[in-house]
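Per-entry structural report
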Amino acid sequence: MTAIVEASGLVKRYGATVALDGLDLSVQQGEVHGYLGPNGAGKSTTIRILLGLARATSGRVTVFGADPWRDAARLHRRIASVPGDVALWPALSGGETIDLLVRLRGGDVGSGEYRRRRAELVERFQFDPGKRARSYSKGNRQKVALITALAHPADLYVLDEPTSGLDPLMEAVFSDEVAALARSGATVLLSSHILSEVERLCDRVSILRSGRIVESGTLDELRHLTRTAVSFERDRLSDAQLAGIPGAHDLVVAEGRVSLTLDSDAVAATLPALGDLGVTGLRVAPPSLEELFLRHYGDELVDA
Amino acid sequence: MLLALLRFRLRRDRLQLAVWTVALLLLMVFTAAAMTSTYPAVADRVGVLRIAMVTPALLVLRGTPQGTSLGDITVFEIATFQAVLIGLMSTFLVVRNTRAEEERGAAEALAATAAGRALPTVAAVLEGVVANVLAGGASALGLIAGGLPTVGSIVFGIALGAAGCAFVGLELLIAQLAPTGRSANGWGTALVLASYALRGIGDAGGTPHPASSTLTPGWESALSPIGWVQATRPYAADDLRPVLLALVVGALAVWAALAVQRVRDVGAGVIAEGRARRTASPALRGPFGLAARLQRGSVIGWGIGAVLLGLIGGDLANLVLEQLGSTAGVAEAVKRLGGSGSDLLGGFIIAIGGFVGILAAAIAVQGAMRLRQEEAAGGADAVLSGAVGRIRWFLSLVALAVVAAALALVVAGIAAALAALSAHPDGSAGTFGAWFGTIVWQLPAVLVILALVSLVFAVAPRATIPVGWLVLAAAAFLGELGALLDVPQWVRDLAPFSHSPAVALAHPSFVGAGWMTLGAVVAIGLACVLLRRRDTVP
Ligand SMILES: Nc1ncnc2c1ncn2[C@@H]1O[C@H](COP(=O)(O)OP(=O)(O)OP(=O)(O)O)[C@@H](O)[C@H]1O
Ligand SMILES: [Mg+2]
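Let me sum up the structure you'll find in this document. (Residues numbered from 1 in each chain as written. Chains lettered and ligands numbered in written order. Predicted model: local features only at pLDDT ≥ 70, side-chain atom pairs only at ≥ 80, totals over all residues. Heavy atoms only, no water.)

Structural notes on the overall build of chain B
Looking only at helices and strands, chain B has 22 helices and 2 strands in total. By the compact-globule yardstick of 24 Å for 538 residues, chain B fits well, its C-alpha radius of gyration being 26 Å. Here chain B holds 538 residues, and the buried ones make up 49% of them. Sequence separation of 24 or more characterises 77% of the internal contacts of chain B that already satisfy a separation of 6 or more. Counting only carbon and sulfur atoms, one obtains 72% of the accessible surface of chain B, whose full area is about 23,300 Å². Charge separation in chain B, taken as the distance between the mean sites of 35 positive and 28 negative side-chain charges, equals 10 Å. (Helix = DSSP H or I, 4+ residues; strand = E, 2+ residues; numbered from the N terminus. Rg over C-alpha atoms; globule rule 2.2 N^0.38 Å. Buried < 20%, exposed > 50% of the residue type's maximum accessible area, 1.4 Å probe, protein only. Contact = heavy atoms within 4.5 Å. Areas by Shrake-Rupley, 256 points an atom, 1.4 Å probe, with all protein chains shown as cover. Lys, Arg positive; Asp, Glu negative; His and termini not counted. Charge placed at Lys NZ, Arg CZ, Asp CG, Glu CD.)

Points about the pairing of strand β7 (residues 187-191) of chain A
Residues and elements named next belong to chain A. Counting buried positions over the 5 residues of β7 gives 5, a clear majority of the element. Burial of β7 is two-sided: the residues T187, L189 and S191 facing one way and the residues V188 and L190 facing the other way are all buried. Relative to β7, strand β3 (residues 32-36) is paired through 4 bridges, and the arrangement is parallel. Directly across from H33, in β7, lies its bridge partner L189. Here 5 bridges tie strand β6 (residues 156-160) to β7, and the two strands are oriented parallel to one another. Note that in β7 the partner of V158 across the bridge is L189. (Pairing = 2+ DSSP bridges.)

Quick word on a nonpolar patch on the surface
Residues and elements named next belong to chain B. There is a patch of nonpolar side chains on the surface, built from I144, I154, I158 and L240 and spanning about 310 Å² of accessible area. Positionally, I154 belongs in helix α9 (residues 150-177). Relative accessible area serves as the criterion here: at 40%, I154 is assigned to the partly exposed category. (Patch = residues over 30% accessible without salt bridge, like charges linked within 9 Å, V, L, I, M, F, W, Y side chains within 5 Å. Salt bridge = Lys/Arg side-chain N within 4 Å of Asp/Glu carboxyl O.)

Considering the sheet that holds strand β11 (residues 249-254) of chain A
All names here are of chain A. Taken in spatial order, the 4 strands of this open sheet run β11-β12-β10-β13, and their pairing is antiparallel. Looking at strand neighbours, the two that pair on one side only are β11 and β13 (283-285), the edges of this open sheet. Each neighbouring strand pair of the sheet contributes to a mean axis angle of 15°, computed without reference to strand direction. Across 7 bridges, strand β10 (residues 227-233) lies against strand β12 (residues 257-263) in antiparallel orientation. Bridging across to β12, V230 finds its partner in L260. (Axes fitted to C-alpha atoms, helices over the stretch in contact; angles between N-to-C directions.)

Quick look at the pattern of salt bridges
Enumeration according to the criterion identifies 26 salt bridges over all chains in this entry. Residues E96(A) and R293(B) are paired through a salt bridge, measuring 2.5 Å at the closest nitrogen-oxygen approach. Of the two residues, E96(A) is situated in helix α3 (residues 94-104) and R293(B) in helix α13 (residues 286-325); the pairing between them involves two chains. No difference in accessibility class separates E96(A) from R293(B), as the two residues are buried. A salt bridge links D128(A) to R278(B); its shortest N-O distance comes to 3.9 Å. Of this pair, D128(A) sits in the loop between α4 (112-124) and α5 (138-151) while R278(B) sits in the loop between α12 (241-261) and α13, placing the two residues on different chains. Classification of D128(A) by relative accessible area gives partly exposed; the value is 29%. Under the relative-accessibility criterion, R278(B) is labelled partly exposed at 43%. Salt bridges linked by common partners bring R117(A), E120(A), R124(A), D176(A) and E177(A) together as one network.

Brief notes about the interface of chain A and chain B
One frequent convention defines the size of an interface as the accessible area lost when the parts assemble. Contact residues are listed per partner, giving 33 residues for chain A and 36 residues for chain B. When the buried surface of chain A facing chain B is broken down by residue, W89(A), R103(A) and L104(A) rank first, second and third, together holding 24% of it. Our count for the contact surface shared by chain A and chain B stands at 17 residue pairs in polar contact (both at pLDDT 80 or more). Considering every element that reaches the side of chain A that touches chain B, the biggest residue donor is α3(A), with 7 residues. Each residue belonging to the side of chain A that touches chain B can be placed in one class, and the counts come to 13 nonpolar, 6 polar and 14 charged. (Buried area = accessible area lost by both parts, 1.4 Å probe. Polar contact = N/O pair within 3.5 Å; in protein donor to acceptor, adjacent residues only side chain to side chain. Nonpolar A, V, L, I, M, F, W, Y, C, P; charged D, E, K, R; others polar.)

Here we look at the nonpolar core
Among the nonpolar cores identified, the biggest contains 113 residues, and I79(A), W89(A), L156(A), W393(B), F394(B), W435(B) and F497(B) are the most heavily contacted of them. Ranked by residues supplied to this core, first place goes to helix α15 (residues 341-377) of chain B with 17 residues. Beyond its immediate stretch of four places on either side in the chain, L156(A) contacts I4(A), V5(A), V63(A), F64(A), R78(A), I79(A), A80(A) and T187(A). (Core = buried A, V, L, I, M, F, W, Y, C linked by side-chain atoms within 4.5 Å.)

Okay, here's the thing in structure tokens:
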């Protein structure tokens with residue numbers, strides 16, 4: 001595996017604000033890498049540095065082995081991106097904007113392949129390319145950026161909250177498209193607040209807080225760091241029996257159901273004990289990304 | 001209900017109405033007073049009208065010569081300008097109370113009430129009439145206060161107010177048609193300017209009667225509400241029939257607008273916003289193509305402005321020739337100001353060249369300000385996310401500014417030369433080379449200003465726009481007014497235009513132009529280096 005994106009000790013300061021504070025990030029070839037973090041954590045800043053739109057204050061960063069600040073123009077022939085804040089020229093139509101931006105990436109908008117692909121995306125996203133950008137709604141502005149990124153193939157896709165403003169139907173279309181990119185072997189860096197999306201699409205996830213990576217790994221690896229939720233019917237089980245369940249944390253009885261959590265790597269060891277008790281209505285929920293997320297976001301709330 | 005709405009709007013707009021009224025009043029007081037002091041004797045007024053009648057540019061800019069009394073010359077000088085102001089006031093007022101209000105959603109709330117849809121529109125008409133009664137009354141008062149005869153002043157005021165009412169009606173109709181409130185304002189402004197231009201053509205192409213210092217305008221003037229103001233000939237004839245025409249046209253337009261309103265949707269005009277292209281044209285590629293596409297409207301607009309300025313400048317050479325041929329006393333005074341007699345024409349050509357240069361500098365600075373606007377709005381990042389480096393993006397926008405400014409200089413140079421030569425084919429009003437060369441050689445000075453603003457963009461992006469205006473204003477002030485206001489020579493030398501080659505004089509020096517071009521290139525190069533070091537600044 002080769003690293004497509006490699007950053008170490010990345011620092012970015014805006015005056016007194018420290019946007020990135022010694023960030024390490026690595027995105028491997030062919031993976032879909034989820035990039036999560038609360039508002040203001042530094043996701044967009046990282047992405048702007050990777051695209052050569054901002055310059056790191058210090059630290060090392062390479063994209064395809066090159067310095068994105070110095071070689072931005074050359075690298076962008078291989079990179080498709082969706083900005084966190086989609087800006088359009090009010091007087092240009094959506095269709096004109098898409099063609100223009102693809103041309104700027106070095107694409108040939110006259111080719112049959114491009115025209116087919118564009119027509120397909122326009123159709124799938126139910127987008128009207130014949131209106132001036134000033135009259136597009138938020139979701140439609142976002143579609144301009146998405147179609148631009150997807151209409152011309154790239155080796156690396158850098159997507160900053162790509163589904164913001166899309167309705168659920170369009171979100172699903174977008175997920176399909178990213179899944180297809182993954183199958184075709186492209187590398188994707190996807191910043192997002194939508195956990196189900198990340199859980200479904202991403203091979204690996206990095207979680208960012210206050211300009212530093214606080215967690216990074218495959219979803220499975222990260223799940224080990226959290227607890228699995230278990231619940232079952234109380235029936236006629238005694239308090240003593242419940243207290244005897246090995247490895248149980250946070251045991252609560254409410255509305256006739258018992259809920260507890262287990263360390264994720266201890267679930268298998270506990271299940272026989274539950275079997276011996278003859279519990280009914282057993283439900284075992286693997287930790288969701290949401291919990292992971294809340295763990296890190298929650299800290300922030302406590303800190304604050 | 002109607003009165004309540006009208007009272008509400010008048011309250012809301014009272015400050016604007018007060019400012020307009022006072023401004024229109026003061027303009028009339030000062031103009032009337034200035035005429036009394038500038039042209040005290042009939043001979044002075046006959047003299048200036050004689051020049052005007054052989055100088056179409058003056059007729060276009062001023063109006064119809066209608067006699068030699070102080071009132072007549074006041075009408076000649078100010079009637080068309082005052083009418084334009086009143087027309088613009090009426091336009092903005094009507095659009096604010098109709099389409100702009102609809103777009104804010106206020107009219108929708110009103111339309112839902114029993115009051116019905118016509119009510120806000122009728123209130124807008126009434127407010128327009130009130131505003132024009134104020135405007136006409138203020139004008140008449142100002143003229144009387146400036147010392148002009150009472151009856152003529154009242155007729156002049158009535159004529160102006162009636163033309164304003166005609167504009168209210170016509171703008172109301174336009175507001176029903178235009179796709180958006182913004183375009184309604186634009187079309188309305190265009191209508192006022194077209195009315196001004198139409199009567200300009202009428203005056204320039206009219207039949208002069210030198211014996212009585214009057215002129216019969218061409219038929220075009222009869223189509224223009226501003227022409228109707230002139231047609232009342234206040235102080236000379238006090239003819240009120242054109243006033244009636246203006247009021248009838250205004251009323252008919254209001255009636256038509258109300259009829260159209262019944263069939264259109266709230267918030268939309270009869271003419272829908274046009275469909276745009278679904279794919280990019282072959283020219284829309286690269287940062288230069290994008291800049292050209294985004295700015296083509298303003299480049300064309302500026303170009304037309306440059307042609308008009310050139311035509312007027314070339315035509316005004318008549319003024320100089322007339323003065324050269326006039327009494328010895330005038331020629332003597334002129335010589336003291338501008339050196340020997342033959343240099344006087346050259347000096348005049350250079351002065352016109354300076355004006356065109358400032359226009360070109362404004363075009364260039366506007367192009368440089370685009371750098372900042374694109375950066376702040378996010379358009380720059382969208383381009384830089386493609387395979388385009390910062391420097392290429394920067395140079396593309398600078399190049400477009402240079403092309404637009406150079407184009408304006410070239411068309412203005414040709415227009416001025418043609419205007420001067422068509423009146424005096426013998427070259428006595430300046431040769432083609434003198435006019436064209438003088439104007440086109442303003443380019444190095446324009447480049448210096450452009451390069452300076454571009455450098456500011458690279459160093460302190462947020463200062464680009466204020467500094468741009470400041471540099472432009474300073475160069476214009478020093479270049480055009482420095483000599484008149486006794487500004488020290490070393491300060492005047494700071495203005496790039498004072499170093500433009502004096503091609504219209506004998507033995508011009510091109511050293512300054514060379515240095516300015518070199519300086520501009522160095523500054524742009526420096527800007528490129530500095531730009532490589534900084535982020536996008538939102
Ligand atoms: N140009 C700038 N000037 C000053 N501060 C900035 C600038 N850009 C970002 N910041 C600051 O850097 C920090 C990180 O911002 P960033 O936009 O990277 O967050 P984010 O993770 O993308 O947040 P969100 O989820 O809201 O998009 C914030 O504190 C922000 O205020
Ligand atoms: Mg962001």
